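If you want the building blocks of each chain, they are given just below.
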Amino acid sequence: MSDKVIYFDNNATTKVDPEVFEAMKPFITGLYGNPSSIHTFGGQVAAHIENARFSVADLLGANPTEIIFTSCGTESDNAAIHSSLFTCPKRKKIVISKVEHPAVLNVGKELLRRGHKVSEVPVDTKGRIDLERLHELVDDETALVSVMWANNETGNIYPVEEIAKIAHQKGALFHTDAVQSVGKIPIDMSKSSIDMLSLSGHKLHAPKGVGALFVKRGVRFRPFMLGGHQEKGRRGGTENVMGIVALGKACELAGKNMGIENSAVKKLRDRLEKNLVQKISKCRINGDTENRLPNTTNISFEFIEGEAILLLMNQLGVCASSGSACTTGSLEPSHVLRAMGVPYTAAHGSIRFSLSRFNNDAEVDFILDRLPPIIERLRDISPYWKKEGK
Ligand SMILES: *Cc1c(COP(=O)(O)O)cnc(C)c1O
């Protein structure tokens, strides 16, 4: 294993930006007071939470009162679904997509066990939502439609405004898991009809363990975490002050660096993808290349195992992902690729490269140099390749 890490797994988690680390430092050591305390030592911390709230709201084009801090993206997703079912008790159904993150999919599975109705909208071979089917599935019994803004595995961007309108036509709320899109593509909630939106710190260069839920003004909200009066009674639990301050700083930086994501990062991704497809036979790009995050590419190297590719790349210090990190360890191909109907031999050989502003041309060159011989080596020993590939 080489000492140097070449990190192409930014949809799994990201490096903490050094500026974010600087901003949170005082709250790890000196400023450890409880923001709810009456004394100045604790109370002064509350102002920093409000500054962070302002920065998060600013990135989203939201009002600070619309932002609730949580512990992660998963909690935000859970809180949104939970709230919709409590505030619309007569409606027992939610509609989600088949390609949601487990933070939504597994809530759906649990709701089914508890007697709710859950409909999953299918996607086509490019992973695009079947909007007509969605239209049919949303009915007067539907409390919530939840469809992610961008997919973590393919990078596909979904038409969330259109989906929000479909939900609203039937009086349902609309929530979007925007964990992968916040910081990567422009978002303006002031012009949006989205009711709730989830985001997570560690996907945009803040540390793990902090997230936020946007709840549009006027949308009723019932808390998921009951406890103290933190977050105006909308989320109990003493605030993760250092995490919240870090998230605020990360959002500030994300706003400044949005241009880089959509120019430099996209250019790196495109160069990586284009050259891999040129150098390596029988590979295919999974997803909707017309409508995709600027940092993500999901490529199937047919007739070999993605896990084997990852292991050999790992020896070179290259970090990437096969399927989603949550399904690694099982031999099932990812639920996203299965929902898209990607053929078995291709789904198993799929690798996701996800870039960030901390990647550079030399790293892309390294992969372009080292990956083709790895694929060749693995195909040489693959019975499928010998039988069907060549
Ligand atoms: C990572 C991720 C989550 C979960 O966020 P955590 O902060 O890790 O809980 C949810 N949805 C998507 C799309 C993600 O990529």
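These figures come from a predicted structure and were not determined experimentally.

Student: How would you explain the pattern of salt bridges if you had to name every residue and give the values?
Tutor: Per the stated rule, a full pass over the model turns up 21 salt bridges. Arg235 is paired through a salt bridge with Glu75; the nearest N and O atoms lie 2.7 Å apart. Taken as a pair, Arg235 in the loop between strand E8 (211-215) and helix H7 (241-279) and Glu75 in helix H3 (residues 73-87) lie far apart in primary sequence, 160 residues in all. We note that Arg235, like Glu75, is buried. Across the salt bridge formed by Lys98 and Glu120, the nearest N and O atoms sit 3.4 Å from each other. Taken together, the residues span a long stretch of sequence, with Lys98 in the loop between strand E3 (93-97) and helix H4 (102-113) and Glu120 in strand E4 (residues 117-121) at a distance of 22 residues. Note on Lys98: relative accessible area 34%, which makes it partly exposed. Counted as one network, the salt bridges with shared partners bring together Glu50, Arg53 and Glu231.

Student: Describe the layout of surface pockets, listing the residues and the values that go with them.
Tutor: In this structure, the largest pocket occupies an estimated 250 Å³ of space. The set of elements that each furnish at least two residues to the lining of the largest pocket consists of H3 and H4. Across the lining of the largest pocket, the residue classes break down as six nonpolar, three polar and two charged.

Student: So what's going on with the nonpolar core? Which residues, and what values?
Tutor: Ranked by internal contacts, the top residues of the largest apolar core, which has 59 residues, are Leu60 and Trp149. Residue contributions to this core reach at least three from each of two domains, namely domain 1 (6-14 + 258-389) and domain 2 (18-253). Formed by 27 residues, the second largest nonpolar core is a distinct cluster that contains Leu310, Leu312, Val318 and Phe353.

Student: Give me the lowdown on empty space enclosed by the protein, citing residues and values where you can.
Tutor: Per the stated rule, a full pass over the model turns up three cavities of 30 Å³ or more. Each pocket or cavity is described by its volume, and for the second largest cavity that value is around 100 Å³. If you trace the second largest cavity, you find 16 residues lining it, with Gly183, Lys203, Leu204, His205 and Glu261 closest to the centre. Its residues placed into classes, the lining of the second largest cavity shows five nonpolar, seven polar and four charged. Shared between two domains, the lining of the second largest cavity holds at least three residues of each, these being domain 1 (6-14 + 258-389) and domain 2 (18-253).

Student: Kindly report on the site of the ligand, identifying the contributing residues and their values.
Tutor: Around the ligand, the structure places Cys72, Gly73, Thr74, His101, Met148, Asn152, Asp177, Val179, Gln180, Ser200, His202 and Lys203. Relative to its unbound accessible surface of 380 Å², the ligand loses 90% to contact with the protein. For the shell around the ligand, a count of residues per class yields three nonpolar, seven polar and two charged.

Student: Residues and numbers for the pairing of strand E6 (residues 173-177), please.
Tutor: Of all five residues in E6, five are buried, a share of seventy percent or more. Burial of the side chains of E6 extends over both faces: Leu173, His175 and Asp177 are buried on one face and Phe174 and Thr176 on the other. Pairing geometry for strand E5 (residues 142-146) and E6, over three bridges, is parallel. Bridge pairing links Val145 to Phe174 in E6. Running through helix H6 (residues 160-169), the crossover from E5 to the neighbouring parallel element E6 is right-handed. Pairing between E6 and strand E7 (residues 196-200): three bridges, direction parallel. Among the inter-strand pairings, His175 is bridged to a residue of E7, identified as Met196.

Student: Give me the lowdown on H6, citing residues and values where you can.
Tutor: Looking only at H6, the buried set comprises Val160, Ile163, Ala164, Ile166 and Ala167. Down the axis of H6, the sector holding all buried residues measures 160°, keeping them to one side. Among the exposed residues of H6, those pointing more than 90 degrees away from its buried face are Lys165 and Gln169. Buried positions along H6 lie against helix H5 (131-137), E5 and E6. In the segment just after H6, Gly171 is the residue with positive phi, at about 75°.

Student: Outline the domain arrangement of the chain, listing residues and values.
Tutor: Each domain of the chain was delimited in the assignment, giving domain 1 (6-14 + 258-389) and domain 2 (18-253). Domain 1 and domain 2 are separated by 28 Å when their C-alpha centres are compared. Facing 30 residues of domain 1, the contacting portion of domain 2 comprises 35 residues. Summed over both sides, the interface of domain 1 with domain 2 buries roughly 2700 Å², with 56% coming from carbon and sulfur. Our enumeration of links across domain 1 and domain 2 arrives at zero salt bridges.

Student: An account of the packing of aromatic side chains is requested, with residue identities and associated values reported.
Tutor: A full pass over the atoms with the stated rule returns three aromatic pairs. Aromatic pair Tyr32 and Phe41: ring centres 5.0 Å apart, planes at 75°, arrangement edge-to-face. Directly above the aromatic system of Phe358 lies the positively charged group of Lys15, at a separation of 5.3 Å from the ring centroid.

Student: How would you summarise the sheet that holds E5 if you had to cite specific residues and measurements?
Tutor: Reading across from one edge, E2-E8-E7-E6-E5-E3-E4 is the order of the seven strands in this open sheet, with mixed pairing throughout. Among the strands making up the open sheet, the edge pair consists of strand E2 (67-70) and E4. Between one strand axis and the next, the sheet turns through 20° on average, direction left out of account. With five bridges connecting them, E7 and E8 associate as antiparallel partners. Paired with Leu199 across the bridge in E8 is Ala212.

So, how was this worked out
Residues numbered from 1 in each chain as written. Predicted model: local features only at pLDDT ≥ 70, side-chain atom pairs only at ≥ 80, totals over all residues. Heavy atoms only, no water. Salt bridge = Lys/Arg side-chain N within 4 Å of Asp/Glu carboxyl O. Helix = DSSP H or I, 4+ residues; strand = E, 2+ residues; numbered from the N terminus. Buried < 20%, exposed > 50% of the residue type's maximum accessible area, 1.4 Å probe, protein only. 1 Å grid on protein atoms, 1.4 Å probe; cavity = no way out; pocket = protein on both sides within 12 Å on 5 of 7 lines; lining within 4 Å. Points joined across faces, edges and corners; volume = space filled by probe spheres on them. Nonpolar A, V, L, I, M, F, W, Y, C, P; charged D, E, K, R; others polar. Core = buried A, V, L, I, M, F, W, Y, C linked by side-chain atoms within 4.5 Å. Domains from an automatic or database assignment. Near = heavy atom within 4 Å. Areas by Shrake-Rupley, 256 points an atom, 1.4 Å probe, with all protein chains shown as cover. Pairing = 2+ DSSP bridges. Right-handed = clockwise from strand over helix to strand, strands pointing away. Arc of directions from axis to C-beta. Contact = heavy atoms within 4.5 Å. Buried area = accessible area lost by both parts, 1.4 Å probe. Phe/Tyr/Trp six-rings, centres within 6.5 Å; stacked < 30°, edge-to-face > 60°. Lys NZ or Arg CZ within 6 Å of the ring centre and 35° of its normal. Axes fitted to C-alpha atoms, helices over the stretch in contact; angles between N-to-C directions.

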